[in-house]
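Observations on the model geometry
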Amino acid sequence: MSGEMFPEPGWLSEEVKTGTTIIAVTFDGGVVLGSDSRVSAGETVVNRVMNKLSLLHDKIYCALSGSAADAQTIAEIVNYQLDVHSIEVEDDPLVCSAATLVKNISYKYKEELSAHLIVAGWDRKEGGQVYATLNGLLTRQPFAIGGSGSFYIHGFVDAEYRKKMTKRECQEFVVNALSLAMGRDGSSGGVAYVVTIDQDGAEEKCVLGNELPKFFDQ
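This section reports on the structure supplied with the text. (Residues numbered from 1 in each chain as written. Predicted model: local features only at pLDDT ≥ 70, side-chain atom pairs only at ≥ 80, totals over all residues. Heavy atoms only, no water.)

Section: the nonpolar core
Condition: We define the nonpolar core as a collection of buried residues of types Ala, Val, Leu, Ile, Met, Phe, Trp, Tyr and Cys that are connected through side-chain atoms lying within 4.5 Å of one another. Think of it in three bands: with a 1.4 Å probe and only protein chains considered, a residue is buried below 20% of the maximum accessible area for its type, exposed above 50%, and partly exposed in between. The way it works is that DSSP assigns letters per residue, a run of H or I at least four long becomes a helix, a run of E at least two long becomes a strand, and they are numbered from the N terminus. Whether two residues are in contact is decided by their heavy atoms: any pair within 4.5 Å suffices.
Ranked by size, the top nonpolar core spans 22 residues in total, and within it I23, V25, V32, V157, F173 and V174 carry the most contacts. Among the elements of the structure, β1 (22-27), β10 (143-146), α6 (167-184) and β11 (192-198) are those that each provide at least two residues to this core. It is α6 that provides the largest number of residues to this core, a total of eight residues. Those residues in contact with F173, other than ones at most four positions away along the chain, are I23, V25, F156, V157, E160, Y161 and M165.

Laid out in structure tokens, this is it:
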């Protein structure tokens, strides 16, 4: 009776939409990852400055998209498994090993989890590498983008990406792509987090909103 008098609002049963922009690109000797910092639930911004670039090992990171809780859980599990693996083999893990762990978890729990992770890093065997993972998919790419903001920058990255870019060119490429996506996608915004990884280690940087490059429509 009470259900008929007070029907449940439609938004309670609707799927909560999330949004983000993540990107990773290789250069000769390493990789550069980047992400925006906005976490949204539908039309509500629940966190303005979340770092979506999660450490998996010393020279391996992943970029998170989808459900923040699901993506962070996968990253924490893989981080633990890689620590154990590195102790067993007495060496740093390979980037492909990290990406495979992410892929296996994503596939095993594809019905329960909603997350897409880009895994990137440097190892002694293959150098800089970028892997896209999604529901059991594992593919190595020279660059990868993801999240709701990526739909707005496919043309930009296809036109601007070049083989054998320098570290500095890749950093500018990542920041420009993020700035464009954040300007168009309402679910992306805040600051830009950038991580550069090579044989010497990882360097993290935060580009504030007022320091992002401006384009003609902004």
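Section: the packing of helix α3 (residues 68-89) against helix α4 (residues 95-108)
Here is the rule we go by: Under this scheme, a helix contributes an axis fitted over its contacting stretch, all axes are lines through C-alpha atoms, and angles between N-to-C directions fall in the 0 to 180 degree range. When describing relative orientation, an angle under 35 degrees is termed roughly parallel and one over 145 degrees roughly antiparallel, while 65 to 115 degrees is termed roughly perpendicular and anything else oblique. A clockwise turn of the near helix away from the far one marks a right-handed crossing, whereas an anticlockwise turn of less than a right angle marks a left-handed crossing. Amino acids are sorted into nonpolar (Ala, Val, Leu, Ile, Met, Phe, Trp, Tyr, Cys and Pro), charged (Asp, Glu, Lys and Arg) and polar (every other residue, Gly among them).
Here α3 crosses α4 at 135 degrees, and the two axes come no closer than 10 Å. Taken as axis vectors, α3 and α4 run oblique relative to one another. As for how α3 packs across α4, the hand of that crossing is right-handed. Two secondary-structure elements touch here, α3 through I74, I77, V78, Q81 and L82 and α4 through A98, L101, V102, I105 and S106. Class assignment for the residues of the contact of α3 with α4 results in eight nonpolar, two polar and no charged.

Points about the pattern of salt bridges
Threshold: Any Lys or Arg side-chain nitrogen found within 4 Å of a carboxyl oxygen on Asp or Glu counts as a salt bridge.
Counted according to the given criterion, the structure contains six salt bridges. The salt bridge involving R162 is made with E169; its shortest N-O contact spans 3.2 Å. Residue class for R162 comes out partly exposed when judged on its relative accessible area of 42%. For E169, a relative accessible area of 32% corresponds to the partly exposed category. Among the ionic pairs, K167 bridges to D198, the shortest N-O distance being 3.2 Å. Here K167 is found in helix α6, whereas its partner D198 is found in strand β11, with 31 residues between them in sequence.

Considering the side chain of S188
Residue placement: S188 occurs in the loop between α6 and β11. The exposure class assigned to S188 is buried, which follows from its relative accessible area of 1%. Apart from the residues lying within four places of it in its own chain, the contact partners of S188 are T20, T21, D36, R38, S148, G149, A181 and M182.

Digging into the sheet that holds strand β9 (residues 137-140)
Put simply, the test is: We treat two strands as partners when DSSP finds at least two bridges between them.
If you walk across this open sheet you meet the five strands as β5-β6-β7-β8-β9, and the pairing is antiparallel. Taken across any chain shown, the strands that pair with only one partner, and hence form the sheet edges, are β5 (53-57) and β9. Each adjacent strand pair in this sheet contributes to an overall mean axis angle of 25 degrees, direction not counted. Of the strand pairs in this sheet, strand β8 (residues 127-134) and β9 are connected by four bridges, and their pairing is antiparallel. By the bridge assignment for β9, T133 is matched with L138. Where α3 meets the sheet, it contacts β5, β6 (60-66) and β7 (115-123), and its direction lies at approximately 20 degrees from that of β5. Taken strand by strand, α4 contacts β5, β6, β7, β8 and β9, and its axis lies near 165 degrees from that of β7.

Bear in mind that shape data such as this cannot, by itself, settle questions of function.
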